[in-house]
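In case you want the letters, here they are:
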Amino acid sequence: MKNSLTLLFSFILICSQSFGQSVKEVDSDMLVAQCTMQNDTTYVVNFWATWCSPCVKEIGFFEELHRQSFSHNLKVVLVSLDFPNQIEKRLIPFLKEKKISAEVLLMTDLDYNSWIDRIEPSWSGAIPATLIYNRENRVFLEKELTRDELFNHVSQLN
Amino acid sequence: MKKAILTSIMAVTAVLLVNAGIKPGDKAVEFSLKNVDGTTVSLSDYNDQKGVILVFTCNPCPYAKAYEKRIITLHKTYAGKGFPVVAINPNDELVSPEDTFVKMKLRAKEKEYPFPYLKDETQEIYKAYGATRTPHIFLLQNEGGTFKVAYIGAIDDNAMDASAVSKKYLERSISALLKGSDPDPAMTKAVGCTIKAKS
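All values reported here derive from a predicted model rather than from experimental measurement.

Some remarks on the overall build of chain B
If you tally the helices and strands in chain B, you get five helices and nine strands. Helices and strands appear in chain B in the N-to-C order α-β-β-β-α-β-α-β-α-β-β-β-α-β. Here chain B, with 199 residues, has 41% of them falling under the buried criterion. In chain B, of all internal contacts separated by at least 6 residues, the share reaching a separation of at least 24 is 72%.

Structure (structure tokens):
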């Protein structure tokens, strides 16, 4: 009985991960808050878009990291820079197809110049770009990452 | 001695870092690149103009596409006022197969580009300017035959919807130059597609 309950809960958990993908729309203040949390967690914030081919190439590594992160005080956040009018048409279908279960935020403020420096002054605005940080350390990478690069940077910080 | 060598290495490194891209106020880098019409276009060809709107752009990037009409309109508006557009495609065609010279020709023809569309084949020019994304604007001002960088960055504040733009960063900068003042801000940032370097 206990086993079947565990099985059932696992099944529900997997289902909610696979099919419950939602996208939270954020403005610049919410995004800055997401990039400056002060707690015991290490955050991996990836800036990407469905149309950006190097982003699409590396997104599986972030999902993999997310699936391993539950017991590690680690949180993966995928910040989509797709145009807000393409959530239903492009973004959601893409997340379903790639079975992305990590949290996805969609940036709605298109005046990029008004917030890029607030996230990271060294960022030119090109994507993909990834911020890995915790209370003590912060690293910003404006480039496509290999799986090894991503996991090494995270383990160095975490 | 060892310390002196280390110090000079650090100084050289610092200079290299600073030189990774030019800033407003710096001298523009001369170029001579192949145009889609088969000619070669150089910055010095524009010595009789007040300036040049230099645009690093490409074929497939959605941001470049979203701005394509606006770039054509900019040329139509400002070429007559002494600020024509020159577009440069910096992407490596092996990494980005949509950016071959043949496909650039097709794009320019299909969209009737009224300005040159040049291929930065060796990728030296985009690196010299420090362009990182498409589209990336460098507004150049002609000061007696020497071009100076006056403004670097975005065209405006809404890539998705031209009708929702409220800050026309580039046009404001051109207006400032036409009035004899400096652009403010002289530098803005925007999200864009990474320039595809040779691998």
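Moving on from the model shown.
Examining the sheet that holds strand β7 (residues 136-143) of chain B
All names here are of chain B. Ordered in space as β2-β1-β5-β4-β3-β7-β8, the seven strands form an open sheet in which the pairing is mixed. Both edges of this open sheet fall to β2 (40-42) and β8 (146-153), since each of them pairs with a single strand only. Averaged over all neighbouring strand pairs, the angle between strand axes comes to 35°, with direction disregarded. When strand β4 (residues 85-89) meets strand β5 (residues 117-119), the two strands line up parallel, connected through three bridges. Opposite Asn 89, over in β5, you have Lys 119 as the bridge partner.

Observations regarding the sheet that holds strand β7 (residues 138-141) of chain A
Residues and elements named next belong to chain A. Strand order in the open sheet made by the six strands is β1-β4-β3-β2-β6-β7, with mixed pairing throughout. Looking at the sheet topology across the chains shown, the edges are occupied by β1 (23-26) and β7. Geometrically, the sheet is characterised by an average inter-axis angle of 20° between neighbouring strands, direction not taken into account. As paired strands, β1 and strand β4 (residues 103-107) are joined by four bridges and run parallel to one another. Across the sheet, the residue bridging to Val 23 is Val 104, located in β4. Against the sheet, helix α3 (residues 53-67) touches β2 (42-48) and β3 (74-80), its axis set at about 160° to β2.

The rules behind each value
- Residues numbered from 1 in each chain as written.
- Chains lettered and ligands numbered in written order.
- Predicted model: local features only at pLDDT ≥ 70, side-chain atom pairs only at ≥ 80, totals over all residues.
- Helix = DSSP H or I, 4+ residues; strand = E, 2+ residues; numbered from the N terminus.
- Buried ≥ 20, exposed ≤ 12 C-beta atoms within 10 Å, placed from the backbone.
- Contact = placed C-beta atoms within 7 Å.
- Pairing = 2+ DSSP bridges.
- Axes fitted to C-alpha atoms, helices over the stretch in contact; angles between N-to-C directions.

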